[in-house]
Amino acid sequence: MAQLYFRYSTMNAGKSIELIKVAYNYDERGKNVMTLVPSVDDRYGQGVITSRIGVQREATIVNDDTNILELFISENEKHKIDCVLIDECQFLKKHHVLELVEIVDSFDVPVLAYGLKNDFRNEMFEGSYYLLIYADKIEEIKTICWCGRKATMVARVVDGKIVKHGRQVMVGGNEMYVSLCRKHYNDGRLNDKN
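Bear in mind the structure is a predicted one, so any value in this text is a computation, not a measurement.

Peer 1: So what exactly am I meant to see when it comes to the side chain of threonine 143 here?
Peer 2: On the secondary structure map, threonine 143 appears in the loop between strand E8 (137-140) and strand E9 (153-158). By relative accessible area, which is 18% here, threonine 143 ends up buried. Excluding its chain neighbours within four sequence positions, the residues that come into contact with threonine 143 are Thr10, Met11, Asn12, Ala13, Arg149, Lys150, Ala151 and Ser179.

Here's what the structure looks like:
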């Protein structure tokens with residue numbers, strides 16, 4: 001029986017490479033995978049999932065008004081879809097998550113969604129919030145803070161300082177975000193020198 005998976009972590013934990021690896025495993029076995037990425041994530045171009053180590057995979061772009069269920073049905077009629085994979089799922093809207101639930105429940109197709117749980121202000125993203133409610137399995141992909149503890153927070157860094165106010169969505173990479181343990185997120189330490 002298919003399930004909806006929410007695999008979350010902080011930045012730099014390997015979510016995208018994990019997604020690409022899962023897609024490769026399906027491809028290698030002759031299975032069809034639908035890969036999706038929200039349009040807001042354009043760091044490496046539109047319609048591409050890119051890991052920080054440089055491995056890429058093409059993906060269908062999801063906009064705020066995209067109906068993922070209709071997209072799935074259309075593709076599934078052309079060739080059977082065996083799995084749906086979504087990168088940066090924190091940027092999904094509630095209706096997207098409900099459409100993913102329908103794919104799992106009505107078509108018995110597994111859906112694996114990868115993304116952040118909380119933002120730099122330590123608040124939930126809409127997509128993550130609804131995935132925590134509706135997912136059958138919730139799995140943490142772990143990474144570490146500079147101190148060696150488990151990183152659970154994403155800090156936005158501007159001019160070498162942690163900021164905790166501002167727009168929720170500002171797409172960026174290592175130049176703008178760093179994963180920290182709760183202690184160093186709260187005390188504002190980005191390394192052992194400050």
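Peer 1: Even after reading the chapter, I still don't get the pairing of strand E1 (residues 4-8), so can you show me in this structure?
Peer 2: Residues in a regular strand point their side chains to alternate faces of the sheet. In terms of burial, E1 is a largely internal element, five of the five residues being buried. Here E1 shows no split at all, with Leu4, Phe6 and Tyr8 on one side and Tyr5 and Arg7 on the other all buried. By the bridge criterion, five bridges tie E1 to strand E7 (residues 111-115) in an arrangement that is parallel. From the neighbouring strand, arginine 7 faces E7, where its bridge partner is tyrosine 114. In the sheet, E1 pairs with E8 via four bridges, with the strands oriented parallel. Across the sheet, residue tyrosine 8 finds its bridge partner in E8, namely glutamate 140.

Peer 1: Hey, could you run me through the sheet that holds E8 in this one?
Peer 2: Whenever strands of a sheet pair, they do so through backbone hydrogen bonds, lying parallel or antiparallel. Strand order in the open sheet formed by six strands is E5-E2-E6-E7-E1-E8, and the pairing between neighbours is parallel. Across the chains shown, the open sheet's two edge strands, defined by having one partner strand only, are strand E5 (60-62) and E8. When strand polarity is set aside, the average angle formed by the axes of neighbouring strands in this sheet is 20°. Across the face of the sheet, helix H1 (residues 15-28) comes into contact with E1, strand E2 (33-38), strand E6 (83-86) and E7 while running at roughly 155° to E7.

Peer 1: Looking at this model, I keep getting lost on the packing of aromatic side chains. Mind explaining?
Peer 2: Where two aromatic rings form a pair, the distance of their centres and the angle of their planes describe that pair. Scanning all chains against the criterion turns up four aromatic pairs. Their ring planes at 40° and their centres at 5.7 Å tell us that phenylalanine 6 and tyrosine 8 sit as a pair that is tilted. Judged by relative accessible area, phenylalanine 6 falls into the buried class, the value being 0%. Note on tyrosine 8: relative accessible area 15%, which makes it buried. Residues phenylalanine 72 and phenylalanine 107 carry aromatic rings whose centres are separated by 5.1 Å and whose planes lie at 70° to one another, so their mutual orientation is edge-to-face. Remark: phenylalanine 107 occurs in helix H3 (residues 94-107) and phenylalanine 72 occurs in helix H2 (residues 68-78); sequence separation between them is 35 residues. Phenylalanine 72 sits in the buried class, given a relative accessible area of 0%. One residue, arginine 7, lies across the ring of tyrosine 5, its end atom 5.2 Å from the ring centre.

Peer 1: Is there a simple way to think about the nonpolar core in this case?
Peer 2: As a rule of thumb, soluble globular proteins bury nonpolar side chains together. In this structure, Leu4, Val84, Ile86, Leu100, Ile103 and Val111 are the most contacted members of the largest nonpolar core, which totals 26 residues. The greatest single-element share of this core, amounting to five residues, is contributed by H3. Ignoring any residue separated from it by four or fewer positions in sequence, one finds leucine 4 in contact with Leu100, Val101, Val104, Val111, Leu131, Tyr134, Ala135, Asp136 and Lys137.

Peer 1: What exactly am I supposed to notice about the packing of H3 against helix H4 (residues 126-134) here?
Peer 2: Each pair of packed helices can be summarised by the angle the axes make with each other and by the distance between the axes. Relative orientation of the contacting elements H3 and H4 amounts to 35°, with a least axis distance of 8 Å. As for how H3 packs across H4, the hand of that crossing is right-handed. Here Lys94, Val97, Leu98 and Val101 of H3 lie close against H4, whose contacting residues are Glu126, Gly127, Tyr130, Leu131 and Tyr134. Split by residue class, the contact of H3 with H4 holds six nonpolar, one polar and two charged.

Peer 1: How do you make sense of H1 when you look at a structure like this?
Peer 2: An α-helical turn contains 3.6 residues, so any two residues separated by three or four positions project in the same direction. When the terminal C-alpha atoms of H1 are compared, their 20 Å separation across 14 residues agrees well with the 20 Å that a helix rising 1.5 Å per residue should span. All of the buried residues in H1 are Lys15, Ser16, Leu19, Ile20, Val22 and Ala23. Down the axis of H1, the buried side of the element spans an arc of 160°, and every buried residue falls inside it. Positive backbone phi, approximately 75°, marks glycine 30, located one or two places after H1.

Peer 1: Mind showing me how you'd approach the packing of H2 against H3 here?
Peer 2: It is the contact of H2 with H3, at a shortest axis distance of 8 Å, that shows an interaxial angle of 40°. Regarding the angle of H2 to H3, the classification is oblique. Here H2 contributes Ile68, Leu69, Phe72, Ile73 and Asn76 to the contact with H3, which in turn contributes His96, Glu99, Leu100, Glu102, Ile103 and Phe107. Considered class by class, the residues forming the contact of H2 with H3 number seven nonpolar, two polar and two charged.

Thresholds, definitions, all that
- Residues numbered from 1 in each chain as written.
- Predicted model: local features only at pLDDT ≥ 70, side-chain atom pairs only at ≥ 80, totals over all residues.
- Heavy atoms only, no water.
- Helix = DSSP H or I, 4+ residues; strand = E, 2+ residues; numbered from the N terminus.
- Buried < 20%, exposed > 50% of the residue type's maximum accessible area, 1.4 Å probe, protein only.
- Contact = heavy atoms within 4.5 Å.
- Pairing = 2+ DSSP bridges.
- Axes fitted to C-alpha atoms, helices over the stretch in contact; angles between N-to-C directions.
- Phe/Tyr/Trp six-rings, centres within 6.5 Å; stacked < 30°, edge-to-face > 60°.
- Lys NZ or Arg CZ within 6 Å of the ring centre and 35° of its normal.
- Core = buried A, V, L, I, M, F, W, Y, C linked by side-chain atoms within 4.5 Å.
- Left-handed = near helix turned anticlockwise from the far one by under 90°.
- Nonpolar A, V, L, I, M, F, W, Y, C, P; charged D, E, K, R; others polar.
- Expected span 1.5 Å × (residues − 1).
- Arc of directions from axis to C-beta.
- Parallel < 35°, antiparallel > 145°, perpendicular 65-115°, else oblique.

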